[in-house]
Amino acid sequence: MTQLLIHNMAPIMFAALVFFLLLGYPVAFALAANGLVFGVIGVELGLLRWELFQALPERVFGIMANDTLLAIPFFTFMGLILERSGMAEDLLDTIGQLFGPLRGGLAFAVIFVGALLAATTGVVAASVISMGLISLPIMLRYGYDRSLATGVIAASGTLAQIIPPSLVLIVMADQLGRSVGDMYAGALVPGLVLTGLYFGYVLLRTLINPAAAPALPPEARSLRGWKLVTRVVVALVPPLILIFLVLGTIFIGVATPTEGGAMGAAGALILAMINRRLTFPLLRQAMDQTAKLTSFVIFILVGATVFGLVFRGVNGDIWVEELLTALPGGQVGFLIVVNIMVFLLAFFLDFFELAFIIVPL
């Protein structure tokens, strides 16, 4: 029995983690507790030495001193300020008026604004919540198909995960040991392609079933001519300037992602002040949410570090490597299996948990 446990420590450890996650335990504590418990078991079985745990304090301090992760609170704060200051509402109203005469115009507006918000906020929840609250009632009022309306909002909201500046890409860069700028450059084209596919889907739906996404009636289109042009310029120019401040400076090498995030946060505050929407309650809410999300990410990373240290100590990395290299189909088979695994785990895990568990494996 003891020999069986020694030879299968890594798969048992991983199965225990999945079991506790399915029970609903917080991911950070499930990771850390599994690491510590199996670490003690490993020492008792002679697989590990107590000295292994001396590496933990240094690893935790390394997480806290990581400059790359400093971009997370900046981008989170920027997104929350922009969302709560009503920029999303102004954009949706303006772009909705612009696309209004087209069949599916409101759906096109939601996708366009979703991509624009993704390039300025990087926070998925901010995009989905703001667009859902604002655009869904309007789309349903004008006779949009319920499944199309909700699907467009949910899909365009997730663009914040791939279009820079994305918190997801910052975490991935940290886990993969690559620069955030490289991750941003690599994700830009796929993000734009995904946006184009969303546009194409809505266009196809309107051609097949025009009643699913009717054009806005003339009485709903209150802005026309130069008034509409002026409104579009006023609503679009500030976010585009902010996008250049954040992404442009990172891509041309003038600023690091952390510095770009700091400029973005400052820019969001300035925009909110210009629109006379910056209040102390808004500032406090944004700071509270930023602190919560940043703590959430750091705690998961600390838990993942504890789990990863013990998992590698019991040769878990070798077990995973042998498991994946034995898959049929070579690299293609490996990619298919990993994608299926991520797809299934994403039903009950957030991306941060996936990044800290799956990517290191």
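Quantities reported herein were computed from a predicted structural model and do not represent experimental measurements.

Cut-offs applied
Residues numbered from 1 in each chain as written. Predicted model: local features only at pLDDT ≥ 70, side-chain atom pairs only at ≥ 80, totals over all residues. Heavy atoms only, no water. Helix = DSSP H or I, 4+ residues; strand = E, 2+ residues; numbered from the N terminus. Buried < 20%, exposed > 50% of the residue type's maximum accessible area, 1.4 Å probe, protein only. Contact = heavy atoms within 4.5 Å. Lys, Arg positive; Asp, Glu negative; His and termini not counted. Charge placed at Lys NZ, Arg CZ, Asp CG, Glu CD. pLDDT = per-residue confidence, 0-100. Patch = residues over 30% accessible without salt bridge, like charges linked within 9 Å, V, L, I, M, F, W, Y side chains within 5 Å. Areas by Shrake-Rupley, 256 points an atom, 1.4 Å probe, with all protein chains shown as cover. Salt bridge = Lys/Arg side-chain N within 4 Å of Asp/Glu carboxyl O. Expected span 1.5 Å × (residues − 1). Phe/Tyr/Trp six-rings, centres within 6.5 Å; stacked < 30°, edge-to-face > 60°. Axes fitted to C-alpha atoms, helices over the stretch in contact; angles between N-to-C directions. Parallel < 35°, antiparallel > 145°, perpendicular 65-115°, else oblique. Left-handed = near helix turned anticlockwise from the far one by under 90°. Nonpolar A, V, L, I, M, F, W, Y, C, P; charged D, E, K, R; others polar.

Engineer: So what about the overall build of the protein chain? Which residues, and what values?
Structural biologist: In terms of helices and strands, the protein chain carries 17 helices and 0 strands. Expressed along its principal axes, the backbone C-alpha trace of the protein chain runs to roughly 80 × 45 × 35 Å. Looking at the 361 residues of the protein chain, the share that counts as buried comes to 44%. Partitioning the intrachain contacts of the protein chain with sequence separation of at least 6 by distance along the chain shows that 77% fall at a separation of at least 24. In the protein chain, which carries 17 positive and 19 negative side-chain charges, the distance between the mean positions of the two groups comes to 16 Å.

Engineer: So what's going on with the confidence of the model for the protein chain? Which residues, and what values?
Structural biologist: Scored by pLDDT, the protein chain comes out at a mean of 80, with 92% of its residues at no less than 70. Summarising per-element confidence for the protein chain, the mean pLDDT is lowest in helix α8 (residues 124-141) (69) and highest in helix α11 (residues 180-208) (89).

Engineer: A description of a nonpolar patch on the surface should follow, citing residues and the corresponding values.
Structural biologist: Nonpolar side chains collect at one region of the surface, where Val332, Ile336, Ile340, Phe343, Leu344 and Phe347 lie side by side and expose about 660 Å² of accessible area between them. One can find Ile336 in helix α16 (residues 330-345).

Engineer: Account for α11, naming residues and giving values.
Structural biologist: For α11, spanning 29 residues, the distance from its first C-alpha to its last is 42 Å, which sits close to the expected 42 Å at 1.5 Å a residue. Every buried residue of α11 is listed here: Val180, Met183, Tyr184, Ala187, Gly191, Thr195, Tyr198, Val202 and Thr206.

Engineer: Kindly report on the packing of aromatic side chains, identifying the contributing residues and their values.
Structural biologist: Using the criterion set out here, one finds 6 aromatic pairs in the structure. Judged by centre distance (5.7 Å) and plane angle (25 degrees), the ring pair of Phe108 and Phe199 falls under stacked. Highlighted residues: Phe108 in helix α7 (residues 105-118) and Phe199 in helix α11, separated in sequence by 91 residues. A network of ring pairs unites the aromatic residues Phe19, Phe20 and Tyr25 as a single cluster.

Engineer: Residue-level account of the environment of Tyr142, with values.
Structural biologist: In this fold, Tyr142 is placed in the loop between α8 and α9 (146-157). Judged by its relative accessible area of 25%, Tyr142 is partly exposed. Sequence spacing of Tyr142 and Ala215 is 73 residues, and the spatial spacing of their C-alpha atoms is 8.3 Å.

Engineer: Lay out the pattern of salt bridges with the relevant residues and their values.
Structural biologist: For the coordinates displayed, the defined rule picks out 3 salt bridges. Asp182 is the partner of Arg178 in a salt bridge, and the nearest nitrogen-oxygen pair spans 3.7 Å. For Asp182, a relative accessible area of 44% corresponds to the partly exposed category.

Engineer: Describe the packing of helix α2 (residues 9-23) against helix α14 (residues 280-313), naming the residues involved and giving the relevant values.
Structural biologist: The interhelical angle for the contact between α2 and α14, taken along N-to-C directions, is 155 degrees, at an axis separation of 9 Å. Compared by their axis directions, α2 and α14 come out roughly antiparallel. Note on packing geometry: the crossing formed by α2 with α14 is left-handed. Residues Ala10, Met13, Phe14 and Leu17 of α2 pack against Phe307, Val310 and Phe311 of α14. The residue inventory of the contact of α2 with α14, partitioned by class, reads 7 nonpolar, no polar and no charged.

Engineer: Pulling in residues and values, what's your account of the packing of helix α10 (residues 167-176) against α11?
Structural biologist: At their nearest, the axes of α10 and α11 sit 9 Å apart, and the two run at 125 degrees to each other. Put simply, α10 runs oblique to α11. Considering how the two elements wind past one another, α10 and α11 form a crossing that is right-handed. Here Leu169, Ile170, Met172, Ala173 and Leu176 of α10 lie close against α11, whose contacting residues are Val180, Met183, Tyr184 and Ala187. In the contact of α10 with α11, the residues fall into 9 nonpolar, no polar and no charged.

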